[in-house]
Each structure stands twice: as C-alpha cells, then as structure tokens.
Amino acid sequence: MPAVAFICGLVAVATQLPAYRPQATVSGTIRNFGSSLGGLVKVWEQGFAKVQPAVRFDDHLPTSDAAIPALVTGAADLGPDGGEATLTESLSFYEVHGHPPTDIVVATGSFDVEGHSNGLVVFVHEDNPIGKLTIAQLDGIFGAERTAGMRGFKWTPSDARDATGNIRTWGQLGLAGDWADKPIQTYGHAPSGTARFFQAAVLNNGDKWNPNFREFVETGSKMIADEDRAEQKLGLVHMLRDELANDRYGIAWTVMPQAKGVRGIKALALAPRKGGAYVLPARESFQDRTYPLARSIHIFLNRAPGRPVEPRLREFLRFVLSREGQDIVARDGGYLPLTAAAALEQLEKLD
C-alpha cells in the first residue's frame, strides 16, 4: 500500500475512537521527563492546551532512559518512554514507592521508520523452505533451558522450560532431506532496548541464549565501536547482507530499517506462543497489532493502588488516547496509532 494511502488509513483508524470530552476542568503544571517520542509529546501538549488552557507543561525530554528514574525520584509526573521498563527500573521504582509504575500504552511502534521503536522481524535465507514459526518455536531456537522467567522483577518459575524445548536443527521444525540434520545458526541484536524487547516477548525475560547466538548492533549507530567504524562488520546490515544472505541455515531477528534493500533473505510469518493465526510483518499488521512482535510506546506514572489518577494527568492521558490524540500519531507518521480496542483498554486503566 502506498505510504500516502496508508497514512490516510491510519487517520481513518483514529476516527473510530471517541472524541475527547473533558470530564473535569483542570489546571496546574504537568512535569514530563523522558523521551520526546519523536516530537509527539509536544504536539499532544499543544492539542491539549486548546481544550484545557489552564494546564502548563514543564518538559525535560532527553531520552527514554530518564523516564522511570525521574518518576522514582519524584522529579516527574509522567514518563514518556519508547521502550519497556527494565528490571532495575521496575525494582528501583518498587523499592521507593512500594508498588509498580502504572504503564499506559499510547501508540504502537513503527514498522519501518528508523528510530521509532520498531517491532521485530524474523528472517531466514531465501532458499529456506520454512515460512512460519510460533513464538514458542522462536524461544526454542534462540533461547536455552531456564529455571524461571522474569515478570517485572519477579523470578517466576511457571515461565521455566527444560532442555527438551531447545530447537537446534532444522529437522526439529519439520524440514526434511538435506535440511534435516543441519544446525540452526542464530543471529540478532547485542544488548539494547531492542534485545530487551526480544527477551521479554520471546524468552519470557530469561537471559539464557542458544550458545551459537551471534550479536550485532545497528549499522551507522552510536553503538558501533571506533575500531569497527570503517567496516562495521558487527553492524546488522553486514550481518544480513553478507552473512545471513550467504548462510542457508541461518535465522535472524532484527528491525526493518536495517533490512531495507537486502537481497537473499525472506521474512517469516509469526503466530503467538500458544498458537493462533500466522501473520506476516507489514505496516498493516503492526498497526492492527495482530503481528506478535509489534512494540508499544508508553507513558509511565506513579499511581498508588486504590488511589485515583491526579485529574490533570488523567485528562491529559485521556486526550492522548482520544480520537484527537491518536489522529496526531497518525498524521505524524513515525509511530502507529492504537486501534480502538487497544485505546479503550488503556483508558480503563485511568478509572
């Protein structure tokens, strides 16, 4: 679908949401500390000011990494964050406040716009007969046996799995003939927010990997070491173009901006861990959230259990999740707007 037509479609999606109707007239200052979300935070504020002119904003938006720490220290009211909370963030917040942060999902990560919390796509060599996998199979391919999984900061034994779940040859996935006994060679991202998302979505937040897993970082990014700056052999573009495209038995997970223009590889359809429809990665399947590895964009806040959200914060977040707020997301074109069902689910968290 052409980009202009797709953006028009996103605007149409936003119109399915309820329009913003103030439930209270609010005033005061909202302190935002974290990510600018590619400029969305400022545009949301400008839109909100038209309907709630007595509210002011005090913004410090250097990076997502500042969001939850600012909530921990009390320096912020809201923490816009392009990624998921880390173990240390969740634990430190709980140790200070005695409860976890409230997480409001305000948009969906991008399919192919660089630097916008892209969801993950799984690639294999173009000769590989396989066309689809479940998240459980990805866990078996990329992970290893574990005694538990991490939920927030809770080491949860029900998320364990033993070595019988390891998938190390293509024959274990049903491929026959020359493929059957060939070891699966695994590739992906080095430690980063993207890798944390993969661990959370696929490995149940475990930290044990297939021993042959090879890690790379985004080509052209600040994560490329000075000694690799010229050739960028540990960059993802090199991995996809020069390694996976020449490795019939390889499999890799990465983001679409790194795979643009790379020949000799193909993307796989994925299904949820417990089964269901297999869905190919595309802007449409990311936007409607049917693709299992689409990411979410967050605003965190400190809400004690049983206590109402402060009215000025509640009204601002209601605006963000409204038709007007999600229309801003759609027209910006970086992230993807929420579906009506997803937005209504988030609105319920504010009650």
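Whatever comes next refers back to the structure up there.
All figures in this text were calculated on a predicted structure; none of them were measured in a lab.

Scoring rules and cut-offs
- Residues numbered from 1 in each chain as written.
- Predicted model: local features only at pLDDT ≥ 70, side-chain atom pairs only at ≥ 80, totals over all residues.
- Heavy atoms only, no water.
- Helix = DSSP H or I, 4+ residues; strand = E, 2+ residues; numbered from the N terminus.
- Buried < 20%, exposed > 50% of the residue type's maximum accessible area, 1.4 Å probe, protein only.
- Lys, Arg positive; Asp, Glu negative; His and termini not counted.
- Salt bridge = Lys/Arg side-chain N within 4 Å of Asp/Glu carboxyl O.
- Polar contact = N/O pair within 3.5 Å; in protein donor to acceptor, adjacent residues only side chain to side chain.
- Contact = heavy atoms within 4.5 Å.
- Axes fitted to C-alpha atoms, helices over the stretch in contact; angles between N-to-C directions.
- Parallel < 35°, antiparallel > 145°, perpendicular 65-115°, else oblique.
- Left-handed = near helix turned anticlockwise from the far one by under 90°.
- Nonpolar A, V, L, I, M, F, W, Y, C, P; charged D, E, K, R; others polar.
- Core = buried A, V, L, I, M, F, W, Y, C linked by side-chain atoms within 4.5 Å.

Student: What am I meant to see in the side chain of Asp 247 here?
Tutor: The topology assignment puts Asp 247 in the loop between helix 7 (236-243) and strand 11 (250-254). Buried charge without a partner: Asp 247 forms no salt bridge, and the closest opposite charge is Arg 214, 6.7 Å away.

Student: Explain the environment of Gln 287 here, please?
Tutor: Secondary-structure assignment places Gln 287 in helix 9 (residues 283-287). Gln 287 sits in the buried class, given a relative accessible area of 7%. Taking C-alpha positions, Gln 287 is 16 Å from Ser 322, a pair spaced 35 residues apart along the chain. At a separation of 2.8 Å, a polar atom in the side chain of Gln 287 contacts the main-chain carbonyl oxygen of Pro 337.

Student: I tried to follow the environment of Ala 225 on my own but got confused; where do I start?
Tutor: Inspection of the secondary structure assignment puts Ala 225 in the loop between strand 10 (214-216) and helix 7. Sequence separation between Ala 225 and Arg 331 is 106 residues; the distance between their C-alpha atoms is 36 Å.

Student: Looking at this model, I keep getting lost on helix 7. Mind explaining?
Tutor: Think of an α-helix as turning once every 3.6 residues; residues three or four places apart then point the same way. Those residues of helix 7 lying buried are Leu 236, His 238, Met 239, Leu 240 and Glu 243. Looking at the buried residues of helix 7, the elements they touch are strand 5 (121-125), strand 9 (185-189), strand 10, strand 11, helix 8 (256-259) and strand 12 (265-267).

Student: Would you mind going over the packing of helix 2 (residues 40-51) against helix 10 (residues 311-320) with me for this structure?
Tutor: Across the interface, helix 2 lies against helix 10 with an axial gap of 10 Å and an inter-helix angle of 115 degrees. Comparing the axis directions of helix 2 and helix 10 gives the class roughly perpendicular. You can see that helix 2 and helix 10 cross each other, and the crossing is right-handed. From helix 2, Trp 44, Glu 45, Gly 47, Phe 48 and Val 51 reach across to helix 10, where they touch Arg 312, Glu 315, Phe 316, Phe 319 and Val 320. A breakdown of the residues in the contact of helix 2 with helix 10 according to their chemical character gives six nonpolar, one polar and three charged.

Student: Help me understand the pattern of salt bridges, please; the structure alone is not making it clear to me.
Tutor: Should the charged atoms of two oppositely charged side chains come close, the side chains can pair. A complete count under the given rule lists 18 salt bridges for this structure. Between Asp 77 and Arg 312 there is a salt bridge whose closest N-O contact spans 3.6 Å. Of this pair, Asp 77 sits in the loop between helix 3 (67-73) and strand 3 (78-81) while Arg 312 sits in helix 10, placing them 235 residues apart in sequence. For the residue pair Asp 77 and Arg 312, the accessibility class agrees, reading buried in each case. Between Asp 139 and Arg 273 there is a salt bridge, with the nearest N and O atoms lying 3.1 Å from each other. With a gap of 134 residues between them, Asp 139 in helix 5 (residues 135-142) and Arg 273 in the loop between strand 13 (269-271) and helix 9 connect regions that are remote in the sequence. On the basis of relative accessible area, Asp 139 is assigned to the buried category, the value being 2%. For Arg 273, a relative accessible area of 27% translates into the label partly exposed.

Student: Can you walk me through the packing of helix 2 against helix 11 (residues 323-332) in this structure?
Tutor: Two quantities define a packed helix pair, namely the angle between the helix axes and the distance between the axes. Between helix 2 and helix 11, the shortest axis-to-axis distance is 10 Å and the interhelical angle comes to 140 degrees. By the angle between their axes, helix 2 is oblique relative to helix 11. Seen from above, helix 2 lies across helix 11 with right-handed handedness. Facing Leu 40, Val 43 and Trp 44 of helix 2, the residues of helix 11 in contact are Gly 325, Ile 328, Val 329 and Asp 332. The residue inventory of the contact of helix 2 with helix 11, partitioned by class, reads five nonpolar, one polar and one charged.

Student: Explain the nonpolar core to me, please; I cannot follow it from the model alone.
Tutor: Most often, soluble globular proteins keep nonpolar side chains buried together rather than apart. In this structure, Leu 133, Leu 138, Trp 170, Leu 240, Ile 251 and Leu 293 are the most contacted members of the largest nonpolar core, which totals 47 residues. For Leu 240, the contacting residues outside a window of four places in its chain are Phe 123, Ala 245, Ala 252, Thr 254, Gln 258, Ala 259, Val 262 and Ile 265.

Fair warning: the whole summary comes from geometry, so function is off the table for now.
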